[in-house]
Amino acid sequence: FTFARWRVPLALATLSKGLIGIAIPGAVIFFWILLLNRWKALWPFYPIVGTIVLLAIAAPWHILAAQANHDFLSFYFYHEHWLRFTTRIHGRFEPWWYFLPVFVGGLFPWIFFTSRAARLNLPGGWKNRQKHATAWFLVIWTVFIILFFSKSQSKLVPYILPVFPACAILLGRYLSEVWQGRSDVKCRAGSTAFAVTALLLAIAAFVVPEPKHQPELSAYLPILRITVGVSLLIGSGVTVLGLRRNN
């Protein structure tokens, strides 16, 4: 059943998110194979049996939905896929850079360690990509998803959630090396940046004015101030103590 291990998740992703459940993993794999010339990694591919497994899981619901709704196929393929990506019909248009701050905020506080993590996981850069193919797969995974949805005319914050598992693996390997005490792996710069940023954000949490046109948010703002502000202060303080102890 090795051949079915990734067909089953693709089928389940298609049931939950539509054709994007096949398109994005397929595109990531394709570009990784193309850019690193890893065509042999496709074999054994089992295209016929794999397709049967995928369709056996994903097709029944689509068939039943099409039988129950005469306009389902047009709505599903054209309206919910093509028009969502190429037009502003859903009223979710945002500028091309929309996901960049979402990505930075989503990786907080680990965003401060990405530079060091990249150096550890990708030594030698693009020239040595064959020696670090797995790490480059994770990089391609992240970059493609951000670029793909940045091109889309419909944008929502959760669209780029799939990038964070890949980033977590890359950052986790780096932090593991730090935790094990490797002398050539440091995290002081990232820790210092986090401590300063967390302190500034904590101050901002306590002084930010109440939104005048959002009464629902204003009602919860006192609790948010305390929760977010105190958490950031604790994080900043603990980090500073840790840095001083290392000295």
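Please refer to the structure placed before this passage.
Nothing here was measured: the structure is a model prediction, and the numbers come from that model.

Colleague: Explain the overall build of the chain here, please?
Modeller: When helices and strands are counted, the chain shows ten helices and zero strands. In sequence order, the secondary structure elements of the chain are arranged as α-α-α-α-α-α-α-α-α-α. What you see for the chain is a C-alpha radius of gyration of 23 Å, clearly larger than the 18 Å of a compact globule of 247 residues, by over 25%. Dimensions of the chain, computed from the C-alpha atoms along their principal axes, are close to 65 × 55 × 30 Å. Counting only residues that meet the buried cut, the chain has 30% of its 247 residues in that class. A fraction of 71% describes how many contacts in the chain between residues 6 or more apart in sequence connect residues 24 or more apart. Surface exposure of the chain reaches about 16,100 Å², of which carbon and sulfur atoms provide 70%. Positive and negative side-chain charges of the chain, numbering 23 and 7 respectively, have mean locations separated by a distance of 16 Å.

Colleague: What's the story with the packing of helix α5 (residues 99–107) against helix α7 (residues 133–151) in this structure? I'm lost.
Modeller: Any two packed helices are characterised by the angle at which their axes cross and by the distance between the axes. Between α5 and α7, whose axes approach to 10 Å, the crossing angle comes to 140 degrees. Of the possible angle classes, the one that applies to α5 and α7 is oblique. Contacts between α5 and α7 pair F99, L100 and F103 from the former with T142, I146, F149 and S150 from the latter. Taken together, the residues of the contact of α5 with α7 break down into five nonpolar, two polar and no charged.

Colleague: What is the right way to read the environment of A23 from this model?
Modeller: Positionally, A23 belongs in helix α2 (residues 20–36). Each C-alpha atom, one on A23 and one on L10, is 9.3 Å from the other, the two residues being 13 residues apart in sequence.

Colleague: Got a minute to help me understand unusual backbone geometry in this structure?
Modeller: The general pattern is negative phi for most residues beyond glycine and trans for most peptide bonds. Each neighbour pair has its own omega, and for F108 with P109 the value is 5 degrees, a cis peptide bond. In this fold, P109 is placed in the loop between α5 and α6 (114–121). A positive phi is found at N37, a non-glycine position, where the angle reads about 55 degrees. In this fold, N37 is placed in the loop between α2 and α3 (47–68).

Colleague: What exactly am I supposed to notice about helix α8 (residues 163–179) here?
Modeller: Within an α-helix, residues lying three or four positions from one another point in the same direction, as the helix has 3.6 residues per turn. For α8, built from 17 residues, the straight-helix expectation of 24 Å at 1.5 Å per residue is met to within 8% by its first-to-last C-alpha distance of 24 Å. Burial in α8 covers these residues: V163, F164, A166, C167, L170, L171, Y174 and E177. Down the axis, α8 shows its buried residues gathered within 165 degrees of arc, on one side only. Taken together, the buried residues of α8 touch α5, α6 and α7. A positive phi of about 80 degrees marks G181, the residue just after α8.

Colleague: Sorry if this is basic, but what is going on with a nonpolar patch on the surface here?
Modeller: Together, V196, L199, L200, I203, F206, V207, I226, V230, L233, I234 and V238 line one region of the surface with nonpolar side chains, adding up to about 990 Å² of accessible area. Among the elements of the structure, α9 (188–207) and α10 (215–246) are those that each provide at least two residues to the nonpolar patch. When residues of the nonpolar patch are assigned to their parent elements, the largest contribution, six residues, is made by α9.

Colleague: Help me understand the environment of R129, please; the structure alone is not making it clear to me.
Modeller: Relative to the assigned elements, R129 resides in the loop between α6 and α7. Here R129 falls in the partly exposed class, since its relative accessible area comes to 23%. Among all residues touching R129, those that are not within four sequence positions of it are L35, L36 and W136. A distance of 3.4 Å separates a polar atom in the side chain of R129 from the backbone oxygen of L35. Within the structure, R129 has its side chain in polar contact with the backbone oxygen of W126 (distance 2.9 Å).

Colleague: Sorry if this is basic, but what is going on with the pattern of salt bridges here?
Modeller: Where charged atoms of side chains with opposite charge meet at close range, the side chains can pair. Per the counting criterion, the structure on display carries one salt bridge. One salt bridge connects E80 with R84, and the closest N-O pair in it is separated by 2.5 Å. Here E80 pairs with R84, and both are found in helix α4 (residues 72–86), just four residues apart, close to one helical turn.

Criteria and cut-off values
- Residues numbered from 1 in each chain as written.
- Predicted model: local features only at pLDDT ≥ 70, side-chain atom pairs only at ≥ 80, totals over all residues.
- Heavy atoms only, no water.
- Helix = DSSP H or I, 4+ residues; strand = E, 2+ residues; numbered from the N terminus.
- Rg over C-alpha atoms; globule rule 2.2 N^0.38 Å.
- Buried < 20%, exposed > 50% of the residue type's maximum accessible area, 1.4 Å probe, protein only.
- Contact = heavy atoms within 4.5 Å.
- Areas by Shrake-Rupley, 256 points an atom, 1.4 Å probe, with all protein chains shown as cover.
- Lys, Arg positive; Asp, Glu negative; His and termini not counted.
- Charge placed at Lys NZ, Arg CZ, Asp CG, Glu CD.
- Axes fitted to C-alpha atoms, helices over the stretch in contact; angles between N-to-C directions.
- Parallel < 35°, antiparallel > 145°, perpendicular 65-115°, else oblique.
- Nonpolar A, V, L, I, M, F, W, Y, C, P; charged D, E, K, R; others polar.
- Expected span 1.5 Å × (residues − 1).
- Arc of directions from axis to C-beta.
- Patch = residues over 30% accessible without salt bridge, like charges linked within 9 Å, V, L, I, M, F, W, Y side chains within 5 Å.
- Salt bridge = Lys/Arg side-chain N within 4 Å of Asp/Glu carboxyl O.
- Polar contact = N/O pair within 3.5 Å; in protein donor to acceptor, adjacent residues only side chain to side chain.

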